[in-house]
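Listed below are the residues making up each chain.
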Amino acid sequence: MGLDQKLRECGVVGAGGAGFPTCVKAAAEVEFMLANGAECEPLLHKDFELMKNFPAEVVGGMNLMMEATKARRGKFGIKEKNAEAVEAIRPLLNAERIDLVLLGDFYPSGDEYELVYTATGRLIPPAGIPLQVGCVVNNVETLYNVHLASQGMPVTRKFVSVAGDVKEPKSFWVPVGTPFRDVIELAGGATVQEFGMFVSGMMMGRLSFDLDEVVTKTTAGLIILPKEHYLVSRKDRPLEAMDRIGKSACDQCSYCTEFCPRYLLGYEVMPHKVMRSLGFTLAGSGLWNQSAELCCACGLCTLYACPEDLYPKEACDRSKREMRSAGIKFVQQKPVTVHPMKEYRRVPLSQLRRRLKVEAYERETPYQAIDHRPGVVRIQLSQHVGKPAVAVVKPGDRVEAGAAVGRVKAPDLGADVHASIAGTVKSVTDVFVEIQA
Ligand code: SF4
Ligand code: SF4
């Protein structure tokens, strides 16, 4: 069985983003294989801990992906400041085939477009994918899972960091499907009564108050902040209120555009123009919507650049939704040319943490080996880009840890999902399979 088939059956998907099925990447032929260990979400350090504690598995996965894709050269991106991870990974890389790419501590250096440009000097075509410039990019935890899958072991655990207002910020493995309530308890519990949880980060993640939500294959971690924290109130505002404030208060200063990493790379993303769509609802908002198409939702415009605390990123999200439902696709005509000021407008993480008012929460999240055995897990059938898996078990079935509970039929895009604990199937819906230990 080829590696791509093994990855599909073992449910390996991008662990650092939207969950793109890795089997598709393994089936491609490319020039460069890139490992993404950049990790730039403030306060989350799980990739750093993973590289420091499991370097052989990560590099093993990289070698396997290079073989599968016939990559001529590997590029391993890690932030220079993460010296312990660099020292763990460096001796395991075959220097004749793989270069270590040391990155500065800027946001968002882990964005695929940024990393491909930094590591290879190539610019991905507008709305394109790394494959179009001969590259495949994999997050380091995905590479860890590739290594396990090559030995027939499916994805049943997720590596997470827990940070913010918890007694013991740390990083650890938990079975996929573990409730957030357990995850917070494993970090010693919250130190505040009322809190919000940023799932997978404050910049590109989302805010949740639901402790019954569960860990999926793409959950990078939880950041616990008190309910009255500036960021919680900013993110918790209803979309209509965000639009209303933006419509009346945006003075078109264009700072949001001037700091936009995609704009600085040469793509036609102009959030200040997208903000105009809020005021032109009766007179052609569609024109302004187009400037949002190539936005990667990094959040810098809303959470860092805008001096008025407005919501250009959310305006871009809405514009993209509107264009999709109208079946309109903006196609950039201008060649992609890197902005001459790009290097000087990079946003250091220390400055970003200050702007987010989370400086006091910046702490290590050391790895701890924890054998957590939740009483119940909920395995989501859609934890990846593509078609949701179809359940292959029914209530009352007995399953072992690692058994497939949902499958995606080839050639549909997707990956299988597996029981993360041994137990009895309690319920099956269109959304999840619940297993009781
Ligand atoms: S930075 Fe804020 S005020 Fe300035 S154009 Fe952008 S959204 Fe408007
Ligand atoms: S979220 Fe804002 S800063 Fe980030 S890519 Fe989109 S428009 Fe640019």
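Residues numbered from 1 in each chain as written. Chains lettered and ligands numbered in written order. Predicted model: local features only at pLDDT ≥ 70, side-chain atom pairs only at ≥ 80, totals over all residues. Heavy atoms only, no water.

(A) Structural context of the overall build of the protein. Along its length, the protein carries 17 helices and 18 strands. For the protein, the C-alpha radius of gyration of 21 Å lies close to 22 Å, the compact-globule estimate for 437 residues. On the principal axes, the C-alpha backbone points of the protein span a range of 60 × 55 × 45 Å. Out of the 437 residues in the protein, the part that is buried amounts to 57%. Nonlocal contacts in the protein, meaning residues at least 24 apart in sequence, comprise 71% of its contacts between residues at least 6 apart. Only carbon and sulfur atoms are counted for the fraction: they give 52% of the accessible area of the protein, which is about 18,200 Å². (Helix = DSSP H or I, 4+ residues; strand = E, 2+ residues; numbered from the N terminus. Rg over C-alpha atoms; globule rule 2.2 N^0.38 Å. Buried < 20%, exposed > 50% of the residue type's maximum accessible area, 1.4 Å probe, protein only. Contact = heavy atoms within 4.5 Å. Areas by Shrake-Rupley, 256 points an atom, 1.4 Å probe, with all protein chains shown as cover.)

(B) Expanded view of the sheet that holds strand β18 (residues 432-436). The strand order β12-β18-β17-β14 describes an open sheet built from four strands, whose pairing is antiparallel. Both edges of this open sheet fall to β12 (376-380) and β14 (398-399), since each of them pairs with a single strand only. Two strands pair when backbone bridges link them, and strand β17 (residues 423-428) and β18 are joined in this way by four bridges, in the antiparallel orientation. By the bridge assignment for β18, Ser427 is matched with Glu434. (Pairing = 2+ DSSP bridges.)

(C) How the structure looks around the packing of aromatic side chains. The final tally for this structure, using the stated rule, is nine aromatic pairs. Aromatic pair Phe54 and Tyr144: ring centres 5.6 Å apart, planes at 80°, arrangement edge-to-face. Of this pair, Phe54 sits in the loop between α3 (46-53) and α4 (55-69) while Tyr144 sits in helix α7 (residues 140-150), and the two are 90 residues apart along the sequence. A residue is classified by how much of its surface remains accessible, and Phe54, at 13% relative accessible area, is buried. Ring geometry for Phe159 against Trp173: centres 4.8 Å apart, planes inclined by 55°, an arrangement best described as tilted. (Phe/Tyr/Trp six-rings, centres within 6.5 Å; stacked < 30°, edge-to-face > 60°.)

(D) Focus on a nonpolar patch on the surface. A cluster of nonpolar side chains, contributed by Phe20, Val24 and Leu413, occupies part of the molecular surface with about 200 Å² of accessible area. Along the chain, Leu413 falls in the loop between β15 (404-407) and β16 (417-418). Take Leu413: its relative accessible area is 30%, and that puts it in the partly exposed class. (Patch = residues over 30% accessible without salt bridge, like charges linked within 9 Å, V, L, I, M, F, W, Y side chains within 5 Å. Salt bridge = Lys/Arg side-chain N within 4 Å of Asp/Glu carboxyl O.)

(E) Geometry of the packing of α3 against α7. As a packed pair, α3 and α7 sit with axes 9 Å apart at the nearest point and diverge in direction by 40°. Judged on the interaxial angle alone, α7 and α3 are oblique. In contact with Lys46, Asp47, Leu50 and Met51 of α3, α7 contributes Val140, Glu141 and Tyr144. In the contact of α3 with α7, the residues fall into four nonpolar, no polar and three charged. (Axes fitted to C-alpha atoms, helices over the stretch in contact; angles between N-to-C directions. Parallel < 35°, antiparallel > 145°, perpendicular 65-115°, else oblique. Nonpolar A, V, L, I, M, F, W, Y, C, P; charged D, E, K, R; others polar.)

(F) Representation of the site of ligand 2. The local shell around ligand 2 consists of Cys260, Pro261, Val269, Pro271, Cys295, Cys296, Ala297, Cys298, Gly299, Cys301, Lys313 and Cys316. Of the residues that constitute the shell around ligand 2, the class distribution is 10 nonpolar, one polar and one charged. (Near = heavy atom within 4 Å.)

(G) Spotlight on helix α10 (residues 239-249). Of the residues making up α10, those classed as buried are Ala241, Met242 and Gly246. End-on view of α10: buried residues confined to an arc of 130°, all on one side of the axis. Opposite the buried face of α10, at more than 90 degrees from it, the exposed residues are Glu240, Arg244, Lys247 and Ser248. Against the buried residues of α10 lie α9 (230-235), α13 (271-276) and α16 (312-325). (Arc of directions from axis to C-beta.)

From the geometry alone we can't say anything about function, so treat these as descriptive.
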